[in-house]
Every structure is written in structure tokens, then in C-alpha cells.
Amino acid sequence: MHSTAIIGVGNKLMGDEGVGIHAIEYMRETLSSPQKRESQAPSRDPRFHGDDMQFDLIDAGTGGVTLLHMFEEYDRVILIDCADFGGTPGEVKRFDLEKVSLTNDDSQISLHGTSIAGILELGKRLGKKIPKIDIVAVQPAKLDYSMDLSKECSLSLETIATVAKGLLR
Amino acid sequence: MVNTNLNIDIHHVTRVEGHGNITVNVKDGKIEKCQWSVVEAPRFFEAMVVGQKWDVLHHITSRICGICSIGHTLTSLKATESAFGIKISPMSSKLRRLAVHAENLQSHTLHVGYLILPDLMGVGSVIPLASSHPAEVNIVVGLHKVANQMSGLVCGRTTHPQRLIPGGFTKYPTKDELKALRDKLDGSWGDITTVAKLVLSLAGKLPNFTRETEFIALTSKDEFALYDGLIGSTDTESAPVERYLEYTNEYLVPESTAKYAKHARKSYMVGALARINKNYDRLSPKAKEVAAMFNLKPVCHNPYMNSVAQLVEIVHSTEDSIRIIDEILADNSYNIKNTCVEFKPKAGRGFGGVEVPRGILFHDYTYNERGFCEKANCIIPTNQNHANIQHDMEALVPQILDKPKPEIELTLEMLVRAYDPCISCSTHMLNVKFKE
């Protein structure tokens, strides 16, 4: 049973929309060497450790409803995503899920989009285990067809990693 | 009573991916406008792979779509392997077929369970259904979980595969892992039957609408074609995937940002119904039993039956996956270290065609001698269906004008949803609002 995960979501082909995935890749490169475990599920990176912490790093892409199954496996989840919270481009902000309401452009469960609000509501109604979730949100500078992050979001990767790890202490 | 004056403007049909609008204007009993329009921003993914090296193209294209990421990966790999003259091993070919089945199970389970059942049960989404019918929704969630586990095992991830590479795989699952997967799939028959019976009990709510059209799908004399085959049509002869442009004939229409397609008629349909219409004889035995429960026989021209066809394919993919795994388990030469053939990149053009959940997907790459992509073309299933949706609407609206406006709206929305369109799967940014 895993207990903690840092999960990045987003689309790397849409500029800053993929900042959650870029953040996971940044942490893979900069955190301590992974300790491979025989029991490691194939869809996950080896468990990372550092500062006496252990957690799974997951690139969830645009898997949408798949998050429901991921959430079930953890007690604690840090979700990194691009979000419009009215901040300045590249600004990193932590949200307690219980203190904000999340909406997509449609209030619908989507197959592709990560409708976090819908997934959590569905999980609650079905009696699924919902971990304690914090969101590390990153204000985008540009959302367009590009595999590169904006300068502002690139410069935020270190902060994202620090904030995410800080939440695990 | 026929609606002599009617204005329907469904802005952004819900429970489909991306943004599409339905407009119907009737004045003095005359239909002045009946239009399906795609208003999503056009996508430029092909331009993003140009200039990229052969070993990253399948990773880039897998990000086009979260639900068809395995399909885009496989189609991309086939195009690259075709360009370089790579022949993958028979074992890799079997495992890739398992990957296609895994994605079919993931996608069809979600579409039938999350997006179609709410229509049939008269609610707005799966959320209220989770309260009114938690047992049934939990079964759907459970089936989806098995499909995710299958994707994770075969592809290395539930979404955006990592183990699939040009020439084969980076890693094969062990026989023990495959045996455990087989047991899970075999253990899902009870749940699949429950879902099938539930849909059957509600099938009377699927509109009885028929318009003759052409159906296009991969076809093969050896199997129910999903991973490999010729391009087949219910109207014409088959042809190799290299000739896909003769089938797709994309064109532009002023009302939509997406391209439309046509072949032997003014439009054609791709997807589960097209596959079953073209390849019914090669469905697995249990899949044929479920098709018979719904009286689904080729050639069925009711587009609403696409959701039933997806249900039939859930059965087929489960049964065929068990058959493939049994073959692998019985193969004493299975070697988890012999996963990829050797090859050298070279200049050339390659074509990939794979049946993904929403229909036939084409990738076409031209590489230079250093293995960098110089030109790319990707034709997704949904674009091939837009013209058929439009012509269905034009035929359907006059038949339902005597219905109340909300029923007309629902019937038209259900038509679009039946095609399971993926208009856009590229953005999902959160909007955060603080609670007052």
C-alpha cells in the first residue's frame, strides 16, 4: 500500500497547460536517486526519497477519470496542475481542496479532461476512499500549441517542487 | 402537432469531448437551418512532430489524447516502422493487440457507463446516477479499473504508454503477471453481463432512426481487425493503409473548424458500429451472443446503436484478450528479454492505421536519412464522422418535428453522443473560485 503521491496532470503539447508534467519530470531529475522496489507498479516511477520522505511521483497526463483509481491507493496526494486563480504568470499557490471550488469549462465528467471536481464528487457518492488532497496550482502565462513552458513557468519549477515537498512534511 | 416555428441552439453539447454546437431553425413549418458545427480551435499537432527524431514521435502523439493515447502511440509506431521497414516479432504483435483491447475496454466502459447510461436513465450525468444506482456505477468503475490495470501492465502506464517503442517493447510482462490479468478478465464476466442486461432493459429508449450510409473500418480475413488490416468499406473494395487518402478525402466547411471527410457517398461513419458492420463474422462467440441480444446485425444503419456496438466490443475485447494470453502462457519460447528487433533509421515515408475506440486512425510520416520527421499527417476518427453527423441530423429533424422541443434537443444531443466524438482532448485547465 502506497501512502503518499505527488501527481502531475496536464497536456505537454499545450504550453503551460503541461506544467504539472514538467514539474514531475523536474523532480525526477533533481531528487535523490530512486530506490527501485520489486513491488513497484509498472505505471509509476520508482519511489523517490529525500529528506527522510518517501513518495510516488506520477505523470498522470490527461487520464481524466483514471485519477479516481489512483486516489484510492493513497492516503495523501499532492496534485500539481495549471490553474487560473487570477495570479501573476508563473505564480505558485497551494490550495486546500476543502476551501476552494473547482470547475472546468463544463460541469461534466469528461473522459479526457481532468475534471477533478467531478471525479471527487463521484468518488464520494460511490463511497470510494478519497485521500487528503492539496493542489499546487501554477498560474499559466501561455496556453497554446507548444511543447515548451513559458519562461515564467520554467522559472517556477524549483518553487513547485519545494512547495510540493513542503506539504509532505 | 408539428412545430411550425422552432429555434434550437445547443451551445456546447455536454458529455462529449470539446465544443460542438447544434442549431435548428424552423419557420412556418420549413426547416431553414439544421447544422452540426465544431467550434473548437483547430489543432496543430502534426506541425509539432516535424523536425523531431523518430524515437520521440510516439511519445509526442500519445499526448494528443488522454483516452486514445495507446491508439495514437500504436499508430505512430506503425508509421515509423513502415517507414524504416521494421518487422516486429510475432510476440510483440500479440502484445500490441492486447494493448488495443485494453484501450477499447477503458474507453468503451467509460462511454457506455458514464456518458450513455445517464441519457437512458433520464439524468444529466453520472454524478446523480452514482447516488440513485451506486451498485451499477460501481460495477462500471470496477470494469474500468481492470482495463486500467491491463493498460498499466502491457503499456507501462494507464495513459501515455512507455513500454511501446519502435521495433517492439522495452519490457514484456511476465507470465505470472499475465496469468493474474487473465484471472481478472475472466472474473469480470459477471459484471459485464450485468451492464449488458441493464443497457438491454433500457435499449427501448435508443431512438429508432435509420439513414443508409457507408461504414469504413480496418478489415482482415484472419481476425476482427483492430491492430492490423486493410481499409475496408461496406460500399467498396478494400485497400492497403497506404491508400488512406483515397478514403478520407478531407474537405473544409465554413461552419466548422474541423475538417470533414467523404468517400463513396456524401459521408461515412467510423467506430464500433462500422467495425461490426464490416467484420461481424469475426467477432468472438460471446460478443455475437450479446449482439444477438440487441438484434444487432450487419449492416445496421442506426447510429444510436454505436453505443450497443461498443458494448459488444467490450465482450469481444475481453474474450479475445483471454485467448491471446492463453496462447502466450502456452508458449514455452516466451522470453521477456527478447522484446525488440534491431533496425536502422532511414529516409522514407510510412503509414499507420489502427482501429482506436472511436474508429480508424491514420498517421503518415516522412523521415529524412537521419531519422528526423519532415512531414506528418494524422487523421483522427472524429473528423471522419462529422459529415455523417450533419447528414444524420438533416434526415432526423423532419422526422421528430412533432415532438416537444426538449425531446428534440435531447434526441439530437444523444445522436452526437452516440458517435462518442472527441472534438478536443487537449485542454483541461482548472478554474478556481473561492467559496464565499
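What counts and how
Residues numbered from 1 in each chain as written. Chains lettered and ligands numbered in written order. Predicted model: local features only at pLDDT ≥ 70, side-chain atom pairs only at ≥ 80, totals over all residues. Heavy atoms only, no water. Helix = DSSP H or I, 4+ residues; strand = E, 2+ residues; numbered from the N terminus. Buried < 20%, exposed > 50% of the residue type's maximum accessible area, 1.4 Å probe, protein only. Areas by Shrake-Rupley, 256 points an atom, 1.4 Å probe, with all protein chains shown as cover. Pairing = 2+ DSSP bridges. Axes fitted to C-alpha atoms, helices over the stretch in contact; angles between N-to-C directions. Contact = heavy atoms within 4.5 Å. Salt bridge = Lys/Arg side-chain N within 4 Å of Asp/Glu carboxyl O. Parallel < 35°, antiparallel > 145°, perpendicular 65-115°, else oblique. Left-handed = near helix turned anticlockwise from the far one by under 90°. Nonpolar A, V, L, I, M, F, W, Y, C, P; charged D, E, K, R; others polar. Phe/Tyr/Trp six-rings, centres within 6.5 Å; stacked < 30°, edge-to-face > 60°. Core = buried A, V, L, I, M, F, W, Y, C linked by side-chain atoms within 4.5 Å. Polar contact = N/O pair within 3.5 Å; in protein donor to acceptor, adjacent residues only side chain to side chain. Expected span 1.5 Å × (residues − 1).

A.B. asks: I keep staring at the overall build of chain A and nothing clicks. Help me out?
C.D. replies: A count of helical and extended segments in chain A gives four helices and seven strands. For chain A, the succession of helices and strands along the chain, N to C, is β-α-β-β-α-β-β-β-α-β-α. Taking all 169 residues of chain A together, 62% fall into the buried category. As presented, chain A carries roughly 6600 Å² of accessible surface, and 45% of it is formed by carbon and sulfur atoms.

A.B. asks: What exactly am I supposed to notice about the sheet that holds strand 3 (residues 30-38) of chain B here?
C.D. replies: Think of a sheet as strands paired side by side through backbone hydrogen bonds, with each pair either parallel or antiparallel. Residue and element names in this part refer to chain B. What the three strands build is an open sheet, ordered 1-2-3; its pairing is antiparallel. At either margin of the open sheet sits one strand with a lone partner, and together these are strand 1 (6-10) and strand 3. Adjacent strand axes in the sheet meet at a mean angle of 5 degrees when their direction is disregarded. One ladder, built from five bridges, connects strand 1 with strand 2 (residues 20-27); its direction is antiparallel. If you follow I8 over to strand 2, its bridge partner there is V24. Packed onto the sheet, helix 13 (residues 381-400) meets strand 2 and strand 3 and runs at close to 155 degrees relative to strand 3. Here helix 14 (residues 405-418) sits on the sheet and contacts strand 1, strand 2 and strand 3; the angle it forms with strand 1, its principal contact strand, is near 40 degrees.

A.B. asks: What should I look at first to understand the pattern of salt bridges in this one?
C.D. replies: Pairs can form between side chains of opposite charge once their charged atoms are near each other. One pass over the structure, following the stated rule, counts 30 salt bridges over all chains. The residue B:R417 makes a salt bridge to B:D119 at a minimum N-O spacing of 2.9 Å. Taken together, the residues B:R417 in helix 14 and B:D119 in helix 4 (residues 90-120) connect sequence positions 298 residues apart. Each member of the pair, B:R417 together with B:D119, is buried. Ionic contacts of the salt-bridge type, sharing partners, join the residues A:R76, A:R94, A:K132 and A:D134 into one network.

A.B. asks: Would you explain the packing of helix 7 (residues 175-186) of chain B against helix 12 (residues 306-329) of chain B in this entry?
C.D. replies: When two helices pack together, their arrangement is given by the angle between their axes and by how far apart the axes lie. Residues and elements named next belong to chain B. Between helix 7 and helix 12, the least distance of the axes is 10 Å, while the angle of their chain directions is 150 degrees. Between helix 7 and helix 12, the interaxial angle falls into the category roughly antiparallel. Judged by the twist between their axes, the crossing of helix 7 over helix 12 is left-handed. Contacts between helix 7 and helix 12 involve K175, L178, K179, L181, R182, L185 and D186 from the first element and T318, S321, I322, I325, D326, I328 and L329 from the second. Taken together, the residues of the contact of helix 7 with helix 12 break down into seven nonpolar, two polar and five charged.

A.B. asks: Would you mind showing me how to read the packing of aromatic side chains here?
C.D. replies: Given two aromatic rings, their pairing is described by the distance between the two centres and the angle made by the two planes. Residue and element names in this part refer to chain B. Here the structure, examined in full by the defined rule, presents twelve aromatic pairs over all chains. Pairing W54 with F84 gives two aromatic rings, centres 6.3 Å apart and planes at 80 degrees, and the pair type is edge-to-face. Of this pair, W54 sits in the loop between helix 1 (45-49) and helix 2 (57-62) while F84 sits in helix 3 (residues 69-84), placing them 30 residues apart in sequence. Take W54: its relative accessible area is 16%, and that puts it in the buried class. When the centroid spacing of 6.3 Å and the interplanar angle of 25 degrees are considered together, the rings of F84 and F343 count as stacked. Here F84, found in helix 3, pairs with F343, found in the loop between helix 12 and strand 9 (348-356); they are 259 residues apart in sequence, far enough to count as distant.

A.B. asks: Would you mind showing me how to read the sheet that holds strand 7 (residues 230-233) of chain B here?
C.D. replies: Taken in spatial order, the three strands of this open sheet run 7-6-8 (chain B), and their pairing is mixed. Only two strands of the sheet have a single neighbouring strand rather than two, namely strand 7 and strand 8 (268-269) of chain B.

A.B. asks: Looking at this structure, how should I read the nonpolar core?
C.D. replies: Nonpolar side chains in soluble globular proteins tend to end up buried together. The biggest cluster of nonpolar side chains holds 155 residues, and the ones touching the most others in it are A:I7, B:Y114 and B:L296. It is helix 4 of chain B that provides the largest number of residues to this core, a total of 14 residues. Membership of the second largest hydrophobic core comes to 22 residues, among which are A:V92, A:V138, A:L157 and A:A164.

A.B. asks: Where do I start with unusual backbone geometry in this structure?
C.D. replies: Working note: non-glycine residues mostly have negative phi, and peptide bonds are mostly trans. All names here are of chain B. In the segment running from P298 into V299, the intervening peptide bond is cis, with an omega of -5 degrees. Following the sequence through the fold, V299 ends up in the loop between helix 11 (285-293) and helix 12. Here the phi dihedral of D28 falls at roughly 50 degrees; this positive angle occurs in a residue that is not glycine. In this fold, D28 is placed in the loop between strand 2 and strand 3.

A.B. asks: Explanation requested: the side chain of B:Q310 in the structure shown.
C.D. replies: All names here are of chain B. When you line up the elements, Q310 lands in helix 12. Residue classification places Q310 among the buried residues on the basis of a relative accessible area of 1%. In this structure the side chain of Q310 is engaged in a polar contact, spanning 2.6 Å, whose partner is the side chain of H111. At a separation of 3.2 Å, a polar atom in the side chain of Q310 contacts the side chain of D420. Ignoring any residue separated from it by four or fewer positions in sequence, one finds Q310 in contact with H108, H111, V112, A272 and D420.

A.B. asks: Sorry if this is basic, but what is going on with helix 3 of chain B here?
C.D. replies: The periodicity of an α-helix, 3.6 residues per turn, causes residues three or four places apart in sequence to face the same way. All names here are of chain B. End to end, helix 3 covers 22 Å across 16 residues, agreeing with the expected 22 Å (1.5 Å per residue, within 8%). In terms of burial, helix 3 is a largely internal element, 15 of the 16 residues being buried. A positive phi of about 70 degrees marks G85, the residue just after helix 3.

A.B. asks: Explanation requested: the environment of B:L202 in the structure shown.
C.D. replies: Residues and elements named next belong to chain B. Positionally, L202 belongs in helix 8 (residues 189-202). Under the relative-accessibility criterion, L202 is labelled buried at 13%. The sequence separation of L202 and L117 amounts to 85 residues, and the corresponding C-alpha distance is 8.6 Å. Every residue in contact with L202, bar those within four places of it in the chain, is listed here: L117, L120 and M121.

A.B. asks: Would you mind showing me how to read the packing of helix 6 (residues 134-155) of chain B against helix 8 of chain B here?
C.D. replies: Residue and element names in this part refer to chain B. Following both chains from N to C, one finds helix 6 and helix 8 inclined at 130 degrees, their axes separated by 10 Å at the closest point. Taken together, the axis directions place helix 6 and helix 8 in an arrangement best described as oblique. The hand of the helix 6/helix 8 crossing is left-handed. Residues E136, I139, V140 and L143 of helix 6 form the contact with helix 8, whose own contacting residues are D191, I192, T194, V195 and L198. Residues of the contact of helix 6 with helix 8, tallied by class, amount to six nonpolar, one polar and two charged.

A.B. asks: What is the right way to read the pairing of strand 1 (residues 4-9) of chain A from this model?
C.D. replies: Put simply, side chains in a regular strand alternate between the two faces of the sheet. All names here are of chain A. Judged by how many residues are buried, strand 1 sits mostly within the fold: six of six residues are covered. Burial along strand 1 is two-sided: T4, I6 and G8 and A5, I7 and V9, pointing in opposite directions, are all buried. Here five bridges tie strand 1 to strand 4 (residues 76-84), and the two strands are oriented parallel to one another. Across the sheet, residue I6 finds its bridge partner in strand 4, namely I78.

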